[in-house]
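What follows is the residue order along each chain.
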Amino acid sequence: MSPNIMVVEDEEALGVLLRYNLEAEGYEVDIVQRGDDAELTLRERQPDLLILDWMLPGVSGIELCRRLRARPESEKLPIILLTARGEESERVRGLATGADDYVVKPFSTPELMARVRALLRRASPESISTLLKSGDIELDRQTHRVYRKGREINLGPTEFRLLEFFMRSPTRVFSRSQLLDGVWGHDIYVDERTVDVHIGRLRKALNLANMRDVIRTVRGAGYSLES
Ligand code: CA
């Protein structure tokens with residue numbers, strides 16, 4: 001079963017973005033917009049991980065976090081706190097209320113996804129699959145190794161992230177800007193042609209020894225991974 005993640009965030013656009021990215025990672029997602037609603041829902045069922053915004057209507061994220069930690073059933077619930085405040089003293093206060101991790105807004109989506117994976121892996125290693133498979137390609141997230149027909153493929157870090165991103169949604173066509181957002185993060189300025197360069201390298205690495213080309217170029221649309 002895929003891990004369930006509850007997101008408590010009152011900014012609607014951010015909620016949509018988080019849902020999209022978390023679902024693409026294979027998680028089940030619930031979005032709650034108010035701190036007091038989240039508290040009620042959490043009394044009935046517990047997600048595998050909670051992403052909690054600091055500034056919320058109803059009950060603040062930090063107060064909710066403190067209350068959750070005070071109850072035995074949510075004492076160990078993995079919590080990532082989102083905060084717009086960057087000062088070190090505030091960060092320390094965030095961790096002191098018992099959040100496992102915090103991410104300062106605006107954050108890069110790949111960075112937050114990496115924190116979610118890391119925290120889930122720490123909290124319940126069995127809930128997160130480390131091995132992705134697509135056709136004859138295998139990618140091990142833990143050891144960062146990639147195999148095709150059992151032969152190891154050497155990839156640079158960007159090509160590895162690019163392949164991992166494709167393997168989460170095989171056959172889906174991604175535009176260059178979606179790839180930039182998903183792999184590089186939307187707050188980093190990279191030219192769209194950079195995507196073509198890394199696709200070229202990934203393709204070359206994967207298609208060793210005249211194996212079938214698994215990266216499809218869709219004219220005017222982008223790229224996809226075929227299995
Ligand atoms: Ca907020």
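Residues numbered from 1 in each chain as written. Predicted model: local features only at pLDDT ≥ 70, side-chain atom pairs only at ≥ 80, totals over all residues. Heavy atoms only, no water.

Before going further, it helps to examine the overall build of the protein. Across its full length, the protein carries 8 helices and 11 strands. Its C-alpha atoms give the protein a radius of gyration of 19 Å, within 12% of the compact-globule value 17 Å for 227 residues. Across the 227 residues that make up the protein, the buried fraction comes to 48%. Summed over all atoms, the accessible surface of the protein reaches about 11,500 Å², with 49% contributed by carbon and sulfur. Averaged over its 34 positive side-chain charges, the protein has a centre that lies 6 Å from the centre of its 37 negative ones. (Helix = DSSP H or I, 4+ residues; strand = E, 2+ residues; numbered from the N terminus. Rg over C-alpha atoms; globule rule 2.2 N^0.38 Å. Buried < 20%, exposed > 50% of the residue type's maximum accessible area, 1.4 Å probe, protein only. Areas by Shrake-Rupley, 256 points an atom, 1.4 Å probe, with all protein chains shown as cover. Lys, Arg positive; Asp, Glu negative; His and termini not counted. Charge placed at Lys NZ, Arg CZ, Asp CG, Glu CD.)

Once that is clear, we can look at the pattern of salt bridges. Inspection of every chain in the model, using the stated rule, returns 29 salt bridges. With its nearest N and O atoms 2.8 Å apart, the salt bridge here joins glutamate 63 to arginine 66. Residue glutamate 63 and its partner arginine 66 are both found in helix 3 (residues 61–70); the two are separated by 3 residues, about one turn of the helix. Taking relative accessible area as the criterion, glutamate 63 reaches 23% and is therefore assigned partly exposed. Put simply, glutamate 226 and arginine 216 hold a salt bridge, and the shortest N to O gap is 3.1 Å. (Salt bridge = Lys/Arg side-chain N within 4 Å of Asp/Glu carboxyl O.)

It is worth spelling out the coordination of the calcium ion at this point. Asp10 (OD), Asp53 (OD) and Met55 (O) make up the full set of protein donors to the calcium ion, lying at 2.1 to 2.3 Å. Spacing between the donor residues of the calcium ion along their common chain follows D-x42-D-x1-M. Placement of the pair is aspartate 10 in the loop between strand 1 (4–8) and helix 1 (12–24) and methionine 55 in the loop between strand 3 (49–53) and helix 3, with a sequence separation of 45 residues. (Donors = N, O, S within 2.8 Å, 3.2 Å for Na, K, Ca; no water.)

So, on to the domain arrangement of the protein. The domains assigned to the protein are domain 1 (4–126) and domain 2 (131–225). For domain 1 versus domain 2, the separation of C-alpha centres amounts to 29 Å. Taken together, the contact between domain 1 and domain 2 spans 9 residues of the former and 14 residues of the latter. Here domain 1 packs against domain 2, burying approximately 820 Å² in sum over the two surfaces, 42% of which is carbon and sulfur. (Domains from an automatic or database assignment. Contact = heavy atoms within 4.5 Å. Buried area = accessible area lost by both parts, 1.4 Å probe.)

Here we come to the packing of helix 6 (residues 157–168) against helix 7 (residues 176–184). Relative placement of two packed helices is described by the angle separating their axes and the distance separating the axes. Between helix 6 and helix 7, whose axes approach to 10 Å, the crossing angle comes to 110°. As the angle between them shows, helix 6 and helix 7 are arranged roughly perpendicular. Viewed along their axes, helix 6 and helix 7 form a crossing whose handedness is right-handed. Counting all contacts with helix 6, which are made through Thr158, Arg161, Leu162, Phe165 and Phe166, the residues of helix 7 involved are Gln178, Leu179, Gly182, Val183 and Trp184. A breakdown of the residues in the contact of helix 6 with helix 7 according to their chemical character gives 6 nonpolar, 3 polar and 1 charged. (Axes fitted to C-alpha atoms, helices over the stretch in contact; angles between N-to-C directions. Parallel < 35°, antiparallel > 145°, perpendicular 65-115°, else oblique. Left-handed = near helix turned anticlockwise from the far one by under 90°. Nonpolar A, V, L, I, M, F, W, Y, C, P; charged D, E, K, R; others polar.)

Tracing the backbone shows glutamate 159 in helix 6. When near neighbours in sequence (up to four residues on either side) are disregarded, glutamate 159 contacts His198, Arg201 and Leu202.

In this structure, the largest pocket occupies an estimated 300 Å³ of space. Around the largest pocket, the lining is made up of 18 residues, and of these Pro110, Arg117, Arg161, Glu164 and Arg168 lie nearest the centre. Secondary-structure elements contributing two or more residues to the lining of the largest pocket are helix 5 (109–123), helix 6 and helix 7. Considering each element in turn, the lining of the largest pocket owes the most residues, 6 residues, to helix 5. The class makeup of the residues in the lining of the largest pocket is 6 nonpolar, 4 polar and 8 charged. No fewer than three residues from each of domain 1 (4–126) and domain 2 (131–225) sit in the lining of the largest pocket. (1 Å grid on protein atoms, 1.4 Å probe; cavity = no way out; pocket = protein on both sides within 12 Å on 5 of 7 lines; lining within 4 Å. Points joined across faces, edges and corners; volume = space filled by probe spheres on them.)

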